[in-house]
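Spelled out, the chains give:
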Amino acid sequence: MHAPLEGRTVGRVVESRADALPVGAVILHRQAWRTHSVVTAEGAFLLPDFAGVPLSAHLSVLGGTGLSAWVGLTRIARLQPDETIFISAAAGGVGTAAGQLARLLGAGRIIGSTGSAAKAAHLTKNLGFDAAFDYHDGPIVERLREAAPEGLHVYLDNVGGDHLEAAIDALRDHGRIAWCGAVAQYNNLQSPPPAPRNLYDVVGKSLRLEGFLVRNHLDARPELYDFLVPHLRSGAVVPDETVVDGFDHVVDAFLGMNTGKMLVRIAG
Ligand SMILES: NC(=O)c1ccc[n+]([C@@H]2O[C@H](COP(=O)([O-])OP(=O)(O)OC[C@H]3O[C@@H](n4cnc5c(N)ncnc54)[C@H](OP(=O)(O)O)[C@@H]3O)[C@@H](O)[C@H]2O)c1
């Protein structure tokens, strides 16, 4: 109560009593929603300097968002070349990173769901998705059957609820679900969407459904850096970010519409 919200932030050390955090160092910490923060050395991560890569990438594709996508694809779903993957909330931070990473990992067909036709077009035109649909356009299971007539190998779930039920229906035998988030449920805690009515198909189809928290996989960060930084430097991957300028607009950004990672810039 009566404390600023938390969130990941990139900042520069302006004053220090810790040898590990010299003045001028660029660090990542979790005390967002304020212009200046007091952090401990343990609560800060000294960011590597990747020349040619924008600092903001440490909050999007190279940050917790990109790492969630990386862990979901490589460690949980173990996506293989030529496989068909469905990503929900595909125009959000995790989804846009996951789509671009899946392409680089050799996915055969990448399908995304999102909340508007404009966002769906953004996914296919700019981010390498093969197909994308607005989840308001009729039953999700029908959109998936059209987009993936041969069925899905992998589902990266950011939504839960009706999306999870439809994906279970569309998955092939031995498919994998990496469960990252349940954005359809957070604003609905009193009456969350019912569990998928077809949950038992997880048995019938020998599916694997595994949830994960990125904070338990921070050791994967060097893998992500090694894989992605060359693609960021070459321009093959451009972080998808919505940047709002000015600390006074932080609430607007929180409530606003984004594609990719929503960021607030409070210093140049
Ligand atoms: N497991 C972990 O460690 C971990 C780590 C990071 C994030 N997460 C979770 O992963 C999910 C995605 O995170 P993010 O950073 O990508 O979030 P984000 O950038 O805020 O994107 C979320 C997107 O979800 C969509 N959405 C909102 N309500 C929806 C609904 N009722 N049904 C379907 N889509 C809806 C919105 O886009 P549309 O306009 O397309 O609806 C929104 O842009 C969240 O649930 C988050 O909590 C988990």
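None of the values given here were measured: they were computed from a predicted structure. (Residues numbered from 1 in each chain as written. Predicted model: local features only at pLDDT ≥ 70, side-chain atom pairs only at ≥ 80, totals over all residues. Heavy atoms only, no water.)

Caption draft 1: Summary view of the overall build of the chain. Within the chain one finds eight helices and 11 strands. Within the chain, the fraction of its 268 residues that count as buried is 46%. Across the chain, contacts joining residues at least 24 apart in sequence account for 58% of those joining residues at least 6 apart. By element, 54% of the accessible surface of the chain is carried by carbon and sulfur atoms, the whole surface being about 13,900 Å². Distance from the positive charge centre (23 side chains) to the negative charge centre (28 side chains) of the chain: 2 Å. (Helix = DSSP H or I, 4+ residues; strand = E, 2+ residues; numbered from the N terminus. Buried < 20%, exposed > 50% of the residue type's maximum accessible area, 1.4 Å probe, protein only. Contact = heavy atoms within 4.5 Å. Areas by Shrake-Rupley, 256 points an atom, 1.4 Å probe, with all protein chains shown as cover. Lys, Arg positive; Asp, Glu negative; His and termini not counted. Charge placed at Lys NZ, Arg CZ, Asp CG, Glu CD.)

Caption draft 2: Molecular detail of the site of the ligand. For the ligand, the set of nearby residues contains 22 residues, the closest of which are Thr-114, Gly-115, Lys-119, Tyr-135 and Val-214. Contact between the ligand and Tyr-135: an oxygen atom at 2.5 Å from a side-chain N or O atom of the residue. At 2.8 Å from a nitrogen atom of the ligand is found a main-chain nitrogen or oxygen belonging to Phe-212. Relative to its free-state accessible area of 910 Å², the ligand is covered by the protein chains to the extent of 74%. (Near = heavy atom within 4 Å. Polar contact = N/O pair within 3.5 Å; in protein donor to acceptor, adjacent residues only side chain to side chain.)

Caption draft 3: Seen up close, the sheet that holds strand E1 (residues 9–12). Strand order in the open sheet formed by three strands is E1-E2-E3, and the pairing between neighbours is antiparallel. Looking at the sheet topology across the chains shown, the edges are occupied by E1 and strand E3 (45–46). Relative to strand E2 (residues 26–29), E1 runs antiparallel, the two sharing four bridges. Of the residues in E2, the one forming a bridge with Val-10 is Leu-28. (Pairing = 2+ DSSP bridges.)

Caption draft 4: Looking closely at the packing of helix H1 (residues 64–76) against helix H2 (residues 93–104). At a minimum axis separation of 8 Å, H1 and H2 run at an interaxial angle of 50 degrees. Classified by the interaxial angle, the pair formed by H1 and H2 is oblique. Considering how the two elements wind past one another, H1 and H2 form a crossing that is right-handed. Across the interface between the two elements, Thr-65, Gly-66, Ser-68, Ala-69, Trp-70 and Leu-73 of H1 pack against Gly-93, Val-94, Ala-97, Ala-98, Leu-101 and Ala-102 of H2. (Axes fitted to C-alpha atoms, helices over the stretch in contact; angles between N-to-C directions. Parallel < 35°, antiparallel > 145°, perpendicular 65-115°, else oblique. Left-handed = near helix turned anticlockwise from the far one by under 90°.)

Caption draft 5: Highlighting H1. Given a rise of 1.5 Å per residue, 13 residues ought to cover 18 Å, yet the end C-alpha atoms of H1 are separated by just 16 Å, more than 12% below that figure. The element H1 is largely enclosed, with a buried count of 11 among its 13 residues. Regarding H1, the residues found buried are Gly-64, Thr-65, Gly-66, Leu-67, Ser-68, Ala-69, Trp-70, Val-71, Gly-72, Leu-73 and Ile-76. (Expected span 1.5 Å × (residues − 1).)

Caption draft 6: Region of the structure containing the packing of aromatic side chains. Using the criterion set out here, one finds five aromatic pairs in the structure. Summarising the aromatic geometry, the rings of Phe-86 and Phe-133 are spaced 5.9 Å apart at their centres and angled 20 degrees between planes, so their arrangement reads as stacked. A residue pair is termed long-range when its members are at least 10 positions apart, and Phe-86 in strand E4 (residues 84–87) and Phe-133 in strand E6 (residues 131–134) qualify at 47 residues. Here Phe-86 and Phe-133 have matching classes, each one buried. The ring of Phe-45 carries Arg-221 above its face, with NZ or CZ at 3.9 Å from the centroid. (Phe/Tyr/Trp six-rings, centres within 6.5 Å; stacked < 30°, edge-to-face > 60°. Lys NZ or Arg CZ within 6 Å of the ring centre and 35° of its normal.)

Caption draft 7: Broad picture of the sheet that holds strand E8 (residues 171–179). Pairing is parallel across the open sheet formed by six strands, whose spatial order is E6-E5-E4-E7-E8-E9. The sheet is open, and its two edges are formed by E6 and strand E9 (208–211), each paired on a single side. The mean angle between the axes of side-by-side strands here comes to 15 degrees, regardless of whether they run parallel or antiparallel. Of the strands in this sheet, strand E5 (109–114) and E6 are in contact with helix H3 (residues 117–126), which crosses E6 at around 170 degrees.

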